[in-house]
Amino acid sequence: MEQIPILSIVTFFPLIGVIILLMIDKENYGVQKGIAFLVTLINFFISLYVLYYFNEDTASMQFVENYPWIEKLGIHYFVGLDGISLLLFLLTTFLCPICILCSWTYIDRYVREFLIAMLVLEVGMLGTFIALDLFLFYIFWELMLIPMYFIIGVWGGKRRIYAAIKFVLYTLFGSVLMLVAILVLYFYVGSKTGVYTFNLLKLYETIAPYEIQVWLFAAFALSFAIKVPMFPLHTWLPDAHVEAPTAGSVILAGVLLKMGTYGFIRFAMGLFPHATQAATPL
């Protein structure tokens, strides 16, 4: 059963909705909303396949897809799912059709653009929870930022521009530090093993010295702490929540904030166990 690339199907299925929306009359709001809702609802039902065939008796990654992408740099399209990401993956597909419904009457301008932003955001969120290649993870992580910026900045409240820019600046600052840490880890492991890879499971196997772990953990942790968000990096959240439209607030609270904690567990703690232990009191 696992031969079906189910994770990729679910992750990129919303793009079908984007294509259809681009082909429909821009003023036909009812049809546009109906198509976006139908696409996200179908995607939720498709994602239940993962829950049905998920094996609870193993901690290994399931529904794995691993294809060479940029082989010279050791970059693969490598995705998989385990117990940590299973419910977060399903939560995302569950909330997206609800977000379309709760925007049905509220969103009355640039409707097609809003629906496209929501569908692209779903792709980014789903990809983040299944990416097992650090390069691929970073792409999905950043992909979420763009549609969320527009959802807050275009369809938000009176102070929407301020809230959107603050959200982007905070998140970008953390993301840049994480990108630097990813590259340092990539070159360090490559120099020690002779194999340059972004494969998360391979990187788990090479434990860096504590002195290196501390700095890399700090970079990852700061990025994820902003996303959670943890004090004192939380000041972007009240503005974003207040100014975002209802759908934006649902996605923020339901999915995006959980990605920070997911990142801690999947990446920061898994890659840098000694630094994690040292940082536990803090």
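Here, the structure is the one placed above.
In this text, all values refer to a predicted model and were calculated from it rather than measured experimentally.

Engineer: Pulling in residues and values, what's your account of the overall build of the chain?
Structural biologist: Helix and strand counts for the chain stand at 13 helices and two strands. Referenced to the eigenvectors of the C-alpha coordinate spread, the extents of the chain come out at roughly 60 × 45 × 35 Å. Counting across all 282 residues of the chain, residues that qualify as buried make up 53%. Counting only contacts in the chain whose residues sit at least 6 apart along the sequence, the fraction spanning at least 24 positions is 75%. Accessible surface, the chain: about 12,900 Å² in total, of which carbon and sulfur atoms supply 70%.

Engineer: Go over the pairing of strand β2 (residues 75–81) with me, naming the residues and quoting the values.
Structural biologist: With six of its seven residues buried, β2 lies for the most part within the structure. Count of turn residues in the strand β1 (residues 62–70)/β2 antiparallel hairpin: four residues, of which Gly-74 carries a positive phi of about 75°.

Engineer: Hey, could you go over a nonpolar patch on the surface for me, with residue numbers and the actual values?
Structural biologist: Nonpolar side chains collect at one region of the surface, where Phe-45, Leu-48, Leu-51 and Leu-87 lie side by side and expose about 390 Å² of accessible area between them. No other element matches the three residues that helix α3 (residues 29–53) contributes to the nonpolar patch. In this structure, Leu-48 sits in helix α3. When its relative accessible area of 31% is taken as the criterion, Leu-48 is described as partly exposed.

Engineer: Describe the pattern of salt bridges, listing the residues and the values that go with them.
Structural biologist: With the rule as written, the count across this model stands at four salt bridges. Note that Asp-239 is salt-bridged to Lys-166, the shortest N-O span being 3.1 Å. Within this pair, whereas Asp-239 is found in helix α11 (residues 236–243), its partner Lys-166 is found in helix α8 (residues 160–193), the two being separated by 73 residues in sequence. Relative accessible area serves as the criterion here: at 17%, Lys-166 is assigned to the buried category. Each of the salt bridges in this network shares a partner with another, and the network as a whole consists of Arg-159, Lys-166 and Asp-239.

Engineer: Outline the packing of aromatic side chains, supporting the account with residue identities and numerical values.
Structural biologist: Under the definition given, this model contains 25 aromatic pairs. Among the aromatic residues, those joined into a ring-pair cluster are Phe-129, Phe-137, Trp-141, Phe-220, Phe-224, Tyr-262, Phe-264, Phe-267 and Phe-272. Directly above the ring of Trp-141 sits Lys-227, whose terminal nitrogen or CZ lies 5.0 Å from the centroid.

Engineer: Could you give me a rundown of the pairing of β1, with the residues and numbers involved?
Structural biologist: Inspection of the sheet shows β1 paired to β2 by six bridges, in the antiparallel sense. Paired with Ile-70 across the bridge in β2 is Ile-75.

Engineer: Now, about helix α10 (residues 210–227): what can you tell me, with residues and values included?
Structural biologist: Its 18 residues give α10 an end-to-end C-alpha distance of 25 Å, which sits within 8% of 26 Å, the value for a rise of 1.5 Å per residue. Along α10, the positions that sit buried rather than exposed are Gln-213, Leu-216, Phe-217, Ala-219, Phe-220, Ala-221, Ser-223, Phe-224, Ala-225, Ile-226 and Lys-227.

Engineer: Tell me about the environment of Val-111, and name the residues and values.
Structural biologist: Within the element layout of this structure, Val-111 appears in helix α5 (residues 111–130). A residue is classified by how much of its surface remains accessible, and Val-111, at 2% relative accessible area, is buried.

Engineer: Describe the nonpolar core, naming the residues involved and giving the relevant values.
Structural biologist: Within the largest apolar cluster, 97 residues are counted, with the highest numbers of intra-cluster contacts made by Leu-7, Met-125, Leu-134, Phe-220, Phe-224, Phe-267 and Leu-271. By residue number, the principal contributor to this core is α5, which donates 13 residues. Once residues lying within four places of it in the same chain are set aside, the contact partners of Met-125 are Thr-92, Cys-96, Met-144, Ile-251, Val-255, Leu-256 and Met-259.

Engineer: Can you lay out the layout of surface pockets for me, pointing to particular residues and giving the numbers?
Structural biologist: Quantified by volume, the largest pocket comes out at close to 500 Å³. As for the largest pocket, its lining consists of 18 residues, and the residues nearest its centre are Phe-217, Ala-221, Phe-264, Ala-279 and Leu-282. Looking at the lining of the largest pocket, the elements that each hand over two or more residues are α10, α12 (246–271) and α13 (273–279). It is α10 that contributes the most residues to the lining of the largest pocket, seven residues altogether. Within the lining of the largest pocket, the residues separate by chemical class into 16 nonpolar, two polar and no charged. Here the second largest pocket is characterised by a volume of approximately 180 Å³. Lining the second largest pocket are 14 residues, with Val-195, Thr-197, Asn-199, Lys-202 and Leu-203 positioned closest to its centre. Those elements that place two or more of their residues in the lining of the second largest pocket are β2, α8 and α9 (200–205).

So, how was this worked out
Residues numbered from 1 in each chain as written. Predicted model: local features only at pLDDT ≥ 70, side-chain atom pairs only at ≥ 80, totals over all residues. Heavy atoms only, no water. Helix = DSSP H or I, 4+ residues; strand = E, 2+ residues; numbered from the N terminus. Buried < 20%, exposed > 50% of the residue type's maximum accessible area, 1.4 Å probe, protein only. Contact = heavy atoms within 4.5 Å. Areas by Shrake-Rupley, 256 points an atom, 1.4 Å probe, with all protein chains shown as cover. Pairing = 2+ DSSP bridges. Patch = residues over 30% accessible without salt bridge, like charges linked within 9 Å, V, L, I, M, F, W, Y side chains within 5 Å. Salt bridge = Lys/Arg side-chain N within 4 Å of Asp/Glu carboxyl O. Phe/Tyr/Trp six-rings, centres within 6.5 Å; stacked < 30°, edge-to-face > 60°. Lys NZ or Arg CZ within 6 Å of the ring centre and 35° of its normal. Expected span 1.5 Å × (residues − 1). Core = buried A, V, L, I, M, F, W, Y, C linked by side-chain atoms within 4.5 Å. 1 Å grid on protein atoms, 1.4 Å probe; cavity = no way out; pocket = protein on both sides within 12 Å on 5 of 7 lines; lining within 4 Å. Points joined across faces, edges and corners; volume = space filled by probe spheres on them. Nonpolar A, V, L, I, M, F, W, Y, C, P; charged D, E, K, R; others polar.

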